[in-house]
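What follows is each chain in one-letter form.
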Amino acid sequence: MDLMHSTLFWIVIAAAPAVTALGILIRLARREPPPDLPPGVKPLGWDDEDEEDDDKAPPAAGG
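Since this is a predicted model, take the numbers as computed values, not measurements.

Draft legend 1. Examining the overall build of the protein chain more closely. Across its full length, the protein chain carries 1 helix and 0 strands. With 63 residues in all, the protein chain has 0% of them scored as buried. Surface accessibility of the protein chain: about 6500 Å² in total, with carbon and sulfur atoms responsible for 65%.

See below:
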């Protein structure tokens, strides 16, 4: 019985950091809504872009 309790203890001790890391990664993976800006503050230019625009090359400079 003592061997079972000590084995269970070490399994829990070994699994705790993995469960904690998994919980942190799940929480960080959620996309949060944008913050409310005060009146008169304009959002940054790249906040309005779609993710699909990232694949396109920027326009050539100089004409």
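Draft legend 2. Summary view of the packing of aromatic side chains. Overall, the coordinates contain 1 aromatic pair when judged by the stated rule. For the pair phenylalanine 9 and tryptophan 10, a centre-to-centre distance of 5.0 Å together with 75° between the ring planes defines the contact as edge-to-face. Relative accessible area serves as the criterion here: at 46%, phenylalanine 9 is assigned to the partly exposed category.

Draft legend 3. Fine view of helix α1 (residues 2-29). Here α1 contains 28 residues, and its C-alpha end-to-end distance of 41 Å stays within 8% of the 40 Å for a straight helix at 1.5 Å per residue. At alanine 15, α1 shows its strongest bend, of approximately 30°, with the proline proline 17 following within four residues. Taken across its 28 residues, α1 has 0 buried, putting it largely on the surface.

Draft legend 4. Inspection of a nonpolar patch on the surface at higher detail. A cluster of nonpolar side chains, Phe9, Trp10 and Ile13, forms an exposed patch at the surface whose accessible area comes to about 350 Å². Of note, phenylalanine 9 is situated in helix α1.

What counts and how
- Residues numbered from 1 in each chain as written.
- Predicted model: local features only at pLDDT ≥ 70, side-chain atom pairs only at ≥ 80, totals over all residues.
- Heavy atoms only, no water.
- Helix = DSSP H or I, 4+ residues; strand = E, 2+ residues; numbered from the N terminus.
- Buried < 20%, exposed > 50% of the residue type's maximum accessible area, 1.4 Å probe, protein only.
- Areas by Shrake-Rupley, 256 points an atom, 1.4 Å probe, with all protein chains shown as cover.
- Phe/Tyr/Trp six-rings, centres within 6.5 Å; stacked < 30°, edge-to-face > 60°.
- Expected span 1.5 Å × (residues − 1).
- Bend = angle between axes of the 7 residues up to and from the residue.
- Patch = residues over 30% accessible without salt bridge, like charges linked within 9 Å, V, L, I, M, F, W, Y side chains within 5 Å.
- Salt bridge = Lys/Arg side-chain N within 4 Å of Asp/Glu carboxyl O.

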